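# Residue-level structure breakdown
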Number of protein chains: 6
Amino acid sequence: MIRQNERLGNQRRPMKLTVDINKYAEGSVYIEVGDTKVLCTATVEEKVPPFMKGQGKGWVTAEYSMLPRATHTRNQRESARGKLTGRTMEIQRLIGRALRSVINLQALGERTVIIDCDVIQADGGTRTTSITGAFVALAIAVNKLSQKHNLSVFPITDYLASVSVGVVGEELLLDLNYEEDSKAKVDMNVVMTGEGKFVEVQGTGEESPFSRDELNGLLELAQQGIHEMIAQQQEILGPIALKIGSGQSGQGV
Amino acid sequence: MIRQNERLGNQRRPMKLTVDINKYAEGSVYIEVGDTKVLCTATVEEKVPPFMKGQGKGWVTAEYSMLPRATHTRNQRESARGKLTGRTMEIQRLIGRALRSVINLQALGERTVIIDCDVIQADGGTRTTSITGAFVALAIAVNKLSQKHNLSVFPITDYLASVSVGVVGEELLLDLNYEEDSKAKVDMNVVMTGEGKFVEVQGTGEESPFSRDELNGLLELAQQGIHEMIAQQQEILGPIALKIGSGQSGQGV
Amino acid sequence: MIRQNERLGNQRRPMKLTVDINKYAEGSVYIEVGDTKVLCTATVEEKVPPFMKGQGKGWVTAEYSMLPRATHTRNQRESARGKLTGRTMEIQRLIGRALRSVINLQALGERTVIIDCDVIQADGGTRTTSITGAFVALAIAVNKLSQKHNLSVFPITDYLASVSVGVVGEELLLDLNYEEDSKAKVDMNVVMTGEGKFVEVQGTGEESPFSRDELNGLLELAQQGIHEMIAQQQEILGPIALKIGSGQSGQGV
Amino acid sequence: MIRQNERLGNQRRPMKLTVDINKYAEGSVYIEVGDTKVLCTATVEEKVPPFMKGQGKGWVTAEYSMLPRATHTRNQRESARGKLTGRTMEIQRLIGRALRSVINLQALGERTVIIDCDVIQADGGTRTTSITGAFVALAIAVNKLSQKHNLSVFPITDYLASVSVGVVGEELLLDLNYEEDSKAKVDMNVVMTGEGKFVEVQGTGEESPFSRDELNGLLELAQQGIHEMIAQQQEILGPIALKIGSGQSGQGV
Amino acid sequence: MIRQNERLGNQRRPMKLTVDINKYAEGSVYIEVGDTKVLCTATVEEKVPPFMKGQGKGWVTAEYSMLPRATHTRNQRESARGKLTGRTMEIQRLIGRALRSVINLQALGERTVIIDCDVIQADGGTRTTSITGAFVALAIAVNKLSQKHNLSVFPITDYLASVSVGVVGEELLLDLNYEEDSKAKVDMNVVMTGEGKFVEVQGTGEESPFSRDELNGLLELAQQGIHEMIAQQQEILGPIALKIGSGQSGQGV
Amino acid sequence: MIRQNERLGNQRRPMKLTVDINKYAEGSVYIEVGDTKVLCTATVEEKVPPFMKGQGKGWVTAEYSMLPRATHTRNQRESARGKLTGRTMEIQRLIGRALRSVINLQALGERTVIIDCDVIQADGGTRTTSITGAFVALAIAVNKLSQKHNLSVFPITDYLASVSVGVVGEELLLDLNYEEDSKAKVDMNVVMTGEGKFVEVQGTGEESPFSRDELNGLLELAQQGIHEMIAQQQEILGPIALKIGSGQSGQGV
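Computed from a predicted model, the values in this text were never measured in an experiment.

### Considerations on the UniProt feature "domain: Exoribonuclease phosphorolytic" (unreviewed entry) in chain A
Residues and elements named next belong to chain A. As recorded in UniProt, the sites labelled "domain: Exoribonuclease phosphorolytic" (unreviewed entry) are residues 12–141 and 158–225. Along residues 12–141 one finds 30% helix and 31% strand; the C-alpha atoms at either end are 27 Å apart. Here residues 158–225 is 29% helix and 41% strand, with 17 Å between the C-alpha atoms at its ends.

What follows is the structure, given as structure tokens:
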């Protein structure tokens with residue numbers, strides 16, 4: 001099977017990270033994975049949600065949205081509909097959960113970091129791209145926070161990135177674009193840490209149930225893709241990269 | 001680790017299925033898995049949602065809700081809040097998707113089967129219990145439909161059941177109750193077919209990322225548990241069981 | 001006129017009360033009146049709504065809902081519609097008002113008891129059945145509360161039950177089922193106390209206005225039916241029954 | 001007990017009806033009962049709601065609202081809250097039901113009459129005043145309709161008016177104002193026809209259950225009050241009055 | 001062009017102000033401009049909205065609504081739709097902003113005055129009529145407040161009135177009624193103070209852009225009309241009129 | 001007064017237009033005016049809203065939204081709040097109205113063009129910048145449409161751009177940034193055509209009413225600014241520019 005742009009089955013689309021593209025946000029990144037483009041901003045608020053109050057711990061949460069014309073045909077705005085779709089809720093719960101798996105909430109102090117992922121253009125993999133970008137925005141914001149408040153432990157414990165994999169026809173593919181995704185029998189989103197552990201594995205065979213072998217093959221593709229993505233995150237984060245997972249204080253840089 | 005009621009790590013809670021407990025619904029079952037109790041009804045409507053019209057195919061969808069006092073403390077009704085929570089949406093999307101994986105929508109004809117899963121009492125695993133019960137209610141309703149309309153192919157292609165597994169401390173456990181679930185580092189819901197294939201694998205390590213070995217161990221536990229559950233489904237369905245996946249016409253019984 | 005199951009005009013359907021069917025709720029009862037089945041749970045919260053704060057008094061309120069397939073055809077969930085129907089609001093206001101008429105709010109202390117009435121199956125009279133069941137769940141919860149907090153006066157001042165009556169054709173009927181209700185020219189719901197006083201009388205002649213004589217006949221039927229229902233409540237409540245309306249402290253049992 | 005303005009227990013407040021106060025509505029009346037003031041307009045639409053389509057019958061419905069400063073302290077608008085209160089729903093359902101009891105829906109043809117009752121100032125009895133006024137607006141609109149379409153049978157079958165009665169202290173009172181209403185132990189709204197039959201009887205003893213004797217006394221007071229109100233309706237309606245319940249064609253006038 | 005009632009292009013419709021028509025509100029006026037009729041009530045609350053707390057200043061805000069049958073055909077209630085239309089929001093923001101331009105919020109103290117403008121009948125110019133009436137209701141309420149709390153400075157700094165102007169065909173018209181408004185190429189609402197300054201100028205040429213000359217002509221018409229309206233406001237306000245803009249204490253009268 | 005970046009009072013911020021930045025939309029432009037950045041996309045749909053059906057005419061409408069972190073502090077999403085703010089509604093109504101003033105709806109045919117204006121970063125003037133960008137996106141989409149359907153008359157009749165002006169201290173300023181806007185006594189948004197006519201003039205003196213002289217000065221500043229902006233629009237549109245207002249067929253290019 002020949003993929004668009006002559007990609008091989010185990011080849012990701014080019015990924016580009018542009019940081020600090022918003023003059024107000026504590027952290028921001030514009031992430032492009034092929035034609036999927038997401039703007040991620042991190043906002044730090046000096047308070048926590050009611051259910052977290054008084055525990056001396058912080059919170060990390062995420063919101064996700066697509067611009068109405070991010071897709072082939074225009075989608076109605078959720079603000080005009082008056083409510084979020086199930087898909088949006090599912091995705092933003094996933095992003096928040098994934099980010100919290102690499103945050104030391106104690107070290108963060110009673111603060112909330114809100115990551116907004118707004119999809120400017122969608123061509124498959126918007127949720128995984130959002131997670132990969134959100135991590136970078138989070139790291140930049142937490143680094144500023146860490147310096148400003150002189151935190152004794154840097155609150156980010158590991159890297160985090162995500163990719164989709166799937167079965168199209170008989171082939172296992174890494175990083176599906178929209179066209180591939182819409183033909184996939186099996187679709188799986190995988191989130192992993194820099195250490196190579198799984199944070200989320202969400203595989204769905206609505207069109208056709210899948211075997212243990214297929215599952216194993218998909219996990220291997222994802223693992224390889226995420227490894228490469230984390231290398232790019234390290235490069236763009238530069239000196240901040242050294243603090244992640246170090247357990248050291250967040251000073252310097 | 002000693003589990004409640006001296007269960008072993010790989011031991012399920014007792015499961016009880018009581019069918020035809022609603023005098024109006026086309027199919028109904030009351031499923032009890034330990035202290036988790038769910039009422040599942042199947043409603044057949046002779047129409048399909050707008051996005052499916054004119055394709056000569058049917059649709060299967062699900063709704064999920066918890067009674068306000070299904071839990072330790074009372075939850076506000078979603079009808080009073082004016083909207084569904086993200087958790088509810090996520091669960092009902094999952095149930096619907098899982099059921100559709102074992103339905104031949106073509107064979108169903110332009111009809112919708114709506115499965116309502118109402119949790120009467122919750123003690124962990126409400127979404128997996130809902131799926132296991134929903135399948136039985138669906139099978140009963142589809143069997144009636146199949147006889148009434150003399151369908152040439154029985155529309156259910158395979159069995160379907162679901163269980164949760166997780167890591168508590170260092171142990172891998174099958175079928176977590178509420179108390180175990182709230183202590184779990186890793187939590188995974190698995191949906192499988194009678195043929196032993198995966199329909200959904202949703203593993204989350206919010207508290208702590210998990211290794212490939214842990215993932216493998218959890219999948220094995222789930223596989224064993226689901227195998228047992230499907231045997232119970234077959235027993236309760238009696239003669240309907242023979243039609244499932246047979247590709248034969250739905251007559252008889 | 002011959003009624004279903006050969007009932008006479010002044011004959012109620014069989015009523016069955018099963019208590020303590022929920023392991024979390026402070027009080028619970030499953031009430032069946034013919035094929036109408038309602039699950040009532042009572043929840044005690046150690047706070048009162050804002051408009052009652054600081055008065056040293058408690059509050060009793062109720063919520064009512066029907067499962068989507070409690071009826072012949074499936075009803076859309078109110079949570080999916082995003083709002084309660086007028087019918088639901090009317091019914092839950094009625095239940096709450098009725099229960100408060102036999103509660104000494106002062107004796108209750110600054111606490112709220114919320115009664116949830118969820119209709120599992122509907123065959124006429126769901127609102128009156130809910131009231132009759134709600135009273136039992138309330139009594140059980142208040143008894144626990146009374147013992148736990150050693151209340152000096154038992155807060156329930158009298159029994160409470162409810163039944164529907166109506167005019168079908170020329171006949172006055174007690175306890176209408178769905179089929180009768182849909183043919184009734186006059187429909188009346190009556191709530192009464194153990195002492196035989198009226199708490200609510202709601203008679204409607206949308207199809208045809210009714211005379212004073214008809215009104216009198218209906219009230220007599222209701223009075224008789226409620227008298228019988230209260231005897232059943234007393235039996236199921238056992239030793240709690242003695243405390244109701246005694247004005248004594250709630251200790252013992 | 002001495003009532004405001006030296007009213008006796010069985011004495012109504014002065015009632016004033018001013019018709020045709022809206023230049024667009026098919027029927028309109030401004031009704032004042034003491035300091036309670038309600039603007040009622042009737043709108044005729046040449047269609048029926050979906051559930052009535054194709055039956056060759058019409059529909060009558062009502063909406064009720066209070067201006068924010070109709071009361072001692074300002075109430076938030078329901079449009080700003082985003083939903084109707086239970087009280088509003090209950091009242092508008094009551095008004096619609098009551099009006100339909102004196103309408104021949106067949107004779108109306110496939111049309112809807114919507115009565116809007118907007119409370120300009122509230123001093124007790126807004127729902128009963130709304131019904132009394134709504135009937136007049138309805139009669140005017142139906143008369144116009146009847147002439148315009150040359151209906152063969154005048155669709156209004158009888159008069160309709162409503163009043164509140166209650167028990168304050170030991171006394172039975174007719175037509176309670178706000179102050180009396182807030183002290184009442186028993187509160188009852190009665191709707192009757194010109195022929196003296198009951199359309200709605202809604203009695204509530206939230207503060208204190210009431211006896212059969214009290215119920216009888218209240219019904220007598222209501223009967224007398226409504227009798228007087230209907231005489232005033234007849235006077236203001238003039239020639240239209242003759243057609244009501246005549247079963248004759250609606251021509252003339 | 002001959003206008004209805006033989007009005008000239010620069011002639012306003014007759015305006016009538018009736019004050020104190022609500023027995024509860026701190027200030028109230030019924031304003032009629034031709035067939036446009038608006039009920040304005042002013043409510044004083046001894047608190048300010050959250051965003052104004054602790055600044056020692058007050059707030060003035062407005063709400064606007066049309067009765068469903070204020071217009072030729074009936075409009076659905078915004079309470080039934082569950083949300084305000086954009087038009088309503090725009091108008092009530094405009095009214096509030098305009099009123100605040102002539103209020104000394106410091107002198108008002110930490111209080112809110114809410115002006116409710118409810119359109120009883122609409123024949124063009126409902127927003128401008130609302131502003132002109134709202135000012136009078138505000139002045140009456142502020143005068144009472146000023147006397148009650150012995151304010152050292154009277155908080156209203158100038159008069160305020162508003163009128164619409166427009167271009168119909170080639171003619172510039174003052175105070176458009178509904179029919180003229182629906183034919184207008186250019187539509188402008190102007191709000192001015194007693195001193196002759198502009199508070200709001202909102203001109204729209206959706207049908208056809210307009211020239212600087214047309215703009216100038218319209219402003220002149222508006223200026224003249226508002227001048228006349230303010231004279232009527234002064235007359236109806238009587239002794240209160242002397243305090244407006246005087247900077248004196250609000251005592252006396 | 002010295003403005004940021006040494007701007008003079010009558011000097012605009014640099015404006016940059018980047019076209020075709022969305023691969024799906026029929027027309028798109030990224031407009032930057034100083035630090036205010038708006039993404040405008042135009043979507044063509046082959047249908048019109050219900051109120052326009054069957055008239056042989058098209059429709060143009062707009063939606064406006066700000067990303068949550070477009071501003072100094074994060075704003076809650078309107079989708080999460082469940083409704084649009086009054087400010088958003090006001091702005092999107094303004095944009096739609098302004099665009100329609102330069103469209104020949106007849107020539108467009110029964111089609112809708114929806115312009116989405118999403119503010120990526122806000123530094124004052126987001127509504128005026130949206131209009132200026134929306135016009136360019138509209139022109140590109142209409143040009144494609146015109147070629148594809150071979151329209152006999154090019155539907156855009158004139159250019160359209162918008163700028164804000166205001167009074168800060170004693171000075172009249174063109175194109176206010178956020179800081180200036182928050183200090184302005186008078187704030188005016190002006191929309192004009194290529195021919196130099198006014199489409200919208202919205203001036204507000206909430207802080208302080210303004211004189212006729214000030215109004216005149218502000219209009220002159222706006223006129224000059226818009227003249228310059230339209231020149232930039234012409235340049236970026238290239239050959240499309242020639243068709244605008246030509247009344248010629250839309251072929252070629």
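### Examining the UniProt feature "binding site: phosphate" (unreviewed entry) in chain A
UniProt annotation of "binding site: phosphate" (unreviewed entry) refers to Arg87, Gly125, Thr126 and Arg127 of chain A when read in the numbering used here. Taken together, the annotated residues stretch across 41 residues yet fold into one region, lying no more than 13.4 Å apart by C-alpha. Following the sequence through the fold, Arg87 of chain A ends up in helix 2 (residues 86–100). Those residues in contact with Arg87 of chain A, other than ones at most four positions away along the chain, are Tyr64, Met66, Thr126 and Arg127 of chain A together with Arg93 of chain B. Topologically, Gly125 of chain A is positioned in the loop between strand 5 (112–121) and helix 4 (126–148).

### A word on the packing of helix 2 of chain A against helix 4 of chain A
Residues and elements named next belong to chain A. Running from amino to carboxyl end, helix 2 crosses helix 4 at an angle of 40°, the nearest separation of the two axes being 10 Å. As the angle between them shows, helix 2 and helix 4 are arranged oblique. As helix 2 packs across helix 4, the resulting crossing turns out to be right-handed. Every residue of helix 4 that contacts helix 2 at Arg87, Glu90, Ile91, Leu94, Ile95, Ala98 and Leu99 is listed here: Thr126, Arg127, Ser130, Ile131, Ala134, Phe135 and Leu138. Of the residues assigned to the contact of helix 2 with helix 4, the class counts are nine nonpolar, two polar and three charged.

### Here's the deal with the packing of aromatic side chains
Residue and element names in this part refer to chain C. Applying the stated criterion across every chain yields a total of 18 aromatic pairs over all chains. Judged by centre distance (5.5 Å) and plane angle (50°), the ring pair of Phe135 and Tyr159 falls under tilted. One end of the pair, Phe135, is in helix 4 (residues 126–148); the other, Tyr159, is in the loop between helix 4 and strand 6 (160–168), and 24 residues separate them in sequence.

### Quick notes on the interface of chain F and chain A
Taken together, the contact pairs 35 residues of chain F with 35 residues of chain A. Carbon and sulfur atoms supply 47% of the area buried between chain F and chain A, which totals about 2,900 Å² over both sides. Among the residues chain F hides against chain A, the three largest losses belong to Tyr24, Arg69 and Arg74 of chain F. Together they make up 29% of the total. Summed over the shared surface of chain F and chain A, the number is 16 salt bridges. Glu63 of chain A is the salt-bridge partner of Arg77 of chain F, the closest N and O atoms lying 2.9 Å from each other.

### Some thoughts on the sheet that holds strand 3 (residues 36–45) of chain D
Residue and element names in this part refer to chain D. Strand order in this open sheet of five strands is 1-2-3-5-4, and the pairing throughout is mixed. The open sheet terminates on both sides in strands that have one partner only, identified here as strand 1 (15–19) and strand 4 (59–66). Shown here is a sheet whose adjacent strand axes are inclined to one another by a mean of 20°, direction ignored. Relative to strand 3, strand 2 (residues 27–33) runs antiparallel, the two being bridged by seven bridges. Pairing of Glu32 across the sheet is with Lys37, part of strand 3. Sitting on the sheet, helix 4 (residues 126–148) is in contact with strand 1, strand 2, strand 3, strand 4 and strand 5 (112–121), with an inclination near 35° to strand 3.

### A short note on the side chain of Thr36 of chain E
Residue and element names in this part refer to chain E. Mapped onto the secondary structure, Thr36 falls in strand 3 (residues 36–45). Exposure remark for Thr36: the relative accessible area of 0% places this residue in the buried category. A distance of 2.7 Å separates a polar atom in the side chain of Thr36 from the backbone nitrogen of Asp123. Setting aside its immediate chain neighbours within four residues, Thr36 contacts Arg13, Ile31, Gln121, Ala122, Asp123, Gly124, Gly125, Thr126 and Thr129.

### Topic: the pairing of strand 2 (residues 27–33) of chain C
All names here are of chain C. Counting buried positions along strand 2 gives six out of seven residues, so the element sits mostly inside the fold. Two elements, strand 1 (residues 15–19) and strand 2, share five bridges in a ladder whose sense is antiparallel. Bridged to Val19 within strand 2 is Val29. Following strand 2, the chain reverses through two residues before pairing antiparallel with strand 3 (residues 36–45); Gly34 in that reversal takes a positive phi of roughly 60°.

Thresholds applied
- Residues numbered from 1 in each chain as written.
- Chains lettered and ligands numbered in written order.
- Predicted model: local features only at pLDDT ≥ 70, side-chain atom pairs only at ≥ 80, totals over all residues.
- Heavy atoms only, no water.
- UniProt positions renumbered as here; feature names shortened; annotations may be inferred.
- Helix = DSSP H or I, 4+ residues; strand = E, 2+ residues; numbered from the N terminus.
- Contact = heavy atoms within 4.5 Å.
- Axes fitted to C-alpha atoms, helices over the stretch in contact; angles between N-to-C directions.
- Parallel < 35°, antiparallel > 145°, perpendicular 65-115°, else oblique.
- Left-handed = near helix turned anticlockwise from the far one by under 90°.
- Nonpolar A, V, L, I, M, F, W, Y, C, P; charged D, E, K, R; others polar.
- Phe/Tyr/Trp six-rings, centres within 6.5 Å; stacked < 30°, edge-to-face > 60°.
- Buried area = accessible area lost by both parts, 1.4 Å probe.
- Salt bridge = Lys/Arg side-chain N within 4 Å of Asp/Glu carboxyl O.
- Pairing = 2+ DSSP bridges.
- Buried < 20%, exposed > 50% of the residue type's maximum accessible area, 1.4 Å probe, protein only.
- Polar contact = N/O pair within 3.5 Å; in protein donor to acceptor, adjacent residues only side chain to side chain.

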